[in-house]
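# Summary of the model geometry
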Amino acid sequence: HSLIPFSNERRYFGLSRPEKNIITYKAAAEELNIGELSKHNLEKFVIRKGKYHSILIQNFMQNISAIGKAFETILSHADIDPNGICVEWYVNEKDVQCMVRIN
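Notes on the structure follow. (Residues numbered from 1 in each chain as written. Predicted model: local features only at pLDDT ≥ 70, side-chain atom pairs only at ≥ 80, totals over all residues. Heavy atoms only, no water.)

Strand order across the open sheet formed by five strands is β2-β1-β4-β5-β3, with antiparallel pairing between neighbours. With partners counted over all chains shown, the strands left at the sheet margins are β2 (22–29) and β3 (52–57), one partner each. Sheet twist, expressed as the mean angle between neighbouring strand axes with direction ignored, is 20°. Inspection of the sheet shows β3 paired to strand β5 (residues 96–101) by six bridges, in the antiparallel sense. Residue pairing for β5: I55 is matched across the bridge by C98. Across the sheet, helix α1 (residues 65–75) is in contact with β3, β4 (86–90) and β5; its angle to β5 comes to roughly 25°. (Pairing = 2+ DSSP bridges. Helix = DSSP H or I, 4+ residues; strand = E, 2+ residues; numbered from the N terminus. Axes fitted to C-alpha atoms, helices over the stretch in contact; angles between N-to-C directions. Contact = heavy atoms within 4.5 Å.)

A few words on the layout of surface pockets. Taken as a whole, the largest pocket holds about 1100 Å³ of empty space. Taken together, 33 residues line the largest pocket, and the ones lying closest to its centre are F13, L15, A28, A29 and F45. For the lining of the largest pocket, the secondary structure elements donating two or more residues are β1 (12–19), β2 and β4. For the lining of the largest pocket, the element with the highest residue contribution is β1, accounting for six residues. In this structure, the second largest pocket spans a volume of roughly 210 Å³. (1 Å grid on protein atoms, 1.4 Å probe; cavity = no way out; pocket = protein on both sides within 12 Å on 5 of 7 lines; lining within 4 Å. Points joined across faces, edges and corners; volume = space filled by probe spheres on them.)

Let us look at the packing of aromatic side chains. Here the structure, examined in full by the defined rule, presents three aromatic pairs. Here the aromatic rings of F60 and Y90 are separated by 5.3 Å at their centres, their planes lie at 65°, and the arrangement is edge-to-face. You can see F60 sitting in the loop between β3 and α1 and its partner Y90 sitting in strand β4, a full 30 residues away along the chain. (Phe/Tyr/Trp six-rings, centres within 6.5 Å; stacked < 30°, edge-to-face > 60°.)

Pasting the structure below:
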């Protein structure tokens, strides 16, 4: 939030995937104005559209470990995209939608 101002109109995400035997996690914010990210030298990433397996976790701050458990459940599906990423969409201050794209 120190680089990108908080906005109720902006969507916020957590993006993770395995890279070289470790999980890489990145915090992400939707670009509302063209060039907003590049002026801060931030990486641009596009979440691919399509169908996703997803689990909504309500009041996630009361049970943070539910996020990891949700992804374990989602990743057990045989039809997930092997090149996909784990997406946490912070729908609001209390709820997070955990998603992985379907192949």
